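Each chain is listed here by its residues.
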Amino acid sequence: MNEGVKVDEPPHFHTRASLAADIAALGVRAGDTVMVHAAMRRVGPLLNGPDALSHALLDVVGPDGTMMVYAGWESPHFDLLDDEGRMPNAWRDHVPGFDPAASRAVRLNGVIAEFVRTMPGAHRSANPGASMAAIGGKAAWITADHPQDYGYGPGSPLAKLVELGGRVLMVGAPWDRLTLVHHADHLARIPHKRLVRVEVPFASPGGAIWRFIEEFETDEPVHPALPDDYIERIVTAFVAQGNGTQGRIGDAPSLLVEAAAVVAFAADWVEQWVGRADG
């Protein structure tokens, strides 16, 4: 053998099996209902891309378990609304209506949201801005009958996640992406919550049908007194008190938390923060 000749090592990939082992090691169990947020670039090189992570999680939770993601709706029409949340007539006939079966998930929610939404057998809820996609044993029930107004509150997929004793898995995702905190925002007993009322089109055979949807603010803190990074602060404080389990899934630092515990903690945190500000 000639000295000095470098032999290339085969590339390293994380596989469906290795990711499933990491997920199980973090504490996910068969039968679990898990809402996942993932920053796929942080997971590292994958054989079969984001599908490797999705299928790995489904392998762990099994046929009785369920995987859920926050989909939302990738529609630029929200930027065209006037100060009253109404669509100007010049654009009204050109905006396609929301179709749960076809409308794209918001890209900022990560590529996994669109991958899960389009998996065979997946279900998607019918509230455009708050829509969730799910696959597995409880997917149809979780996504059914999603209220059009206050879509993060009672009766929403987030409320059902809590009811089921579900969990949230953050795979390399920034902690300020933990959407479940918006359910806590709805439940928090504070006055003067920011309110959003916007016109939204829904697909129908005869064309888009427009209606107003009312919701507590989610793009900004739900109350003016809350800091812009309040979600990250809530999750950081929650974990600092010994809650959740941390580890790695692939290369990504990850966090697994109980949905009900996060909601209770976040609602209390918001109430106390606003109470101090108002006091």
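Note that the coordinates shown come from a computational prediction; the quantities given were computed from them, not determined experimentally. (Residues numbered from 1 in each chain as written. Predicted model: local features only at pLDDT ≥ 70, side-chain atom pairs only at ≥ 80, totals over all residues. Heavy atoms only, no water.)

Peer 1: Just give me the short version of the overall build of the protein, but keep the residues and values in it.
Peer 2: Counting its regular elements, the protein contains 10 helices and 9 strands. For the protein, the C-alpha atoms occupy an extent of roughly 75 × 50 × 40 Å along the three principal directions. The proportion of buried residues among the 279 residues of the protein is 50%. Here the contacts in the protein between residues at least 6 apart in sequence split such that 71% fall between residues at least 24 apart. In the structure as shown, the protein presents an accessible area of about 13700 Å², 52% of it carried by carbon and sulfur atoms. Side chains of the protein give 23 positive and 35 negative charges; the mean places of these two sets differ by 2 Å. (Helix = DSSP H or I, 4+ residues; strand = E, 2+ residues; numbered from the N terminus. Buried < 20%, exposed > 50% of the residue type's maximum accessible area, 1.4 Å probe, protein only. Contact = heavy atoms within 4.5 Å. Areas by Shrake-Rupley, 256 points an atom, 1.4 Å probe, with all protein chains shown as cover. Lys, Arg positive; Asp, Glu negative; His and termini not counted. Charge placed at Lys NZ, Arg CZ, Asp CG, Glu CD.)

Peer 1: Got a sec to walk through helix α10 (residues 259–278)? Specific residues and values, please.
Peer 2: Helix length check: α10, at 20 residues, gives a terminal C-alpha distance of 28 Å against a target of 28 Å (1.5 Å per residue), a fit within 8%. Among the residues of α10, those classed as buried are A259, V262, V263, F265, A266, A267, W269, V270, E271 and V274. In the core, the buried residues of α10 are packed alongside α7 (157–163), β5 (167–171), α8 (181–187), α9 (230–240) and β9 (252–258). (Expected span 1.5 Å × (residues − 1).)

Peer 1: Just give me the short version of the sheet that holds strand β1 (residues 33–38), but keep the residues and values in it.
Peer 2: Strand pairing in a sheet relies on backbone hydrogen bonds, with the paired strands running either antiparallel or parallel. As summarised here, the arrangement of the 7 strands in space is β3-β4-β2-β1-β5-β9-β8, forming an open sheet in which the pairing is mixed. This sheet does not close on itself; its edge strands, each paired only once, are β3 (123–124) and β8 (245–249). Note: β3 against strand β4 (residues 132–136), 2 bridges, orientation antiparallel. Across the sheet, H123 pairs through a bridge with A134, a residue of β4. (Pairing = 2+ DSSP bridges.)

Peer 1: Hey, could you go over the packing of aromatic side chains for me, with residue numbers and the actual values?
Peer 2: Two aromatic rings, taken as a pair, are described by how far apart their centres are and by the angle between their planes. Per the counting criterion, the structure on display carries 6 aromatic pairs. Summarising the aromatic geometry, the rings of Y70 and Y152 are spaced 6.4 Å apart at their centres and angled 65° between planes, so their arrangement reads as edge-to-face. Here the residue Y70 occupies a position in strand β2 (residues 66–70), and Y152 occupies one in the loop between α6 (139–143) and α7, the gap between them amounting to 82 residues. Residue classification places Y152 among the buried residues on the basis of a relative accessible area of 4%. It is K160 that lies over the ring of W141; its NZ or CZ is 4.9 Å from the centre. (Phe/Tyr/Trp six-rings, centres within 6.5 Å; stacked < 30°, edge-to-face > 60°. Lys NZ or Arg CZ within 6 Å of the ring centre and 35° of its normal.)

Peer 1: Which residues make up the pattern of salt bridges, and what values go with them?
Peer 2: Close approach of charged atoms allows side chains of opposite charge to pair. Taken as a whole and assessed by the stated rule, the structure comprises 11 salt bridges. Of the charged contacts in the structure, one is a salt bridge between R117 and E114, with a shortest N-O distance of 2.8 Å. Taken as a pair, R117 and E114 lie in helix α5 (residues 111–117) at a separation of 3 residues, close to a single helical turn. E114 sits in the buried class, given a relative accessible area of 17%. Several salt bridges converge on common partners, so that one network encompasses D32, R167 and E258. (Salt bridge = Lys/Arg side-chain N within 4 Å of Asp/Glu carboxyl O.)

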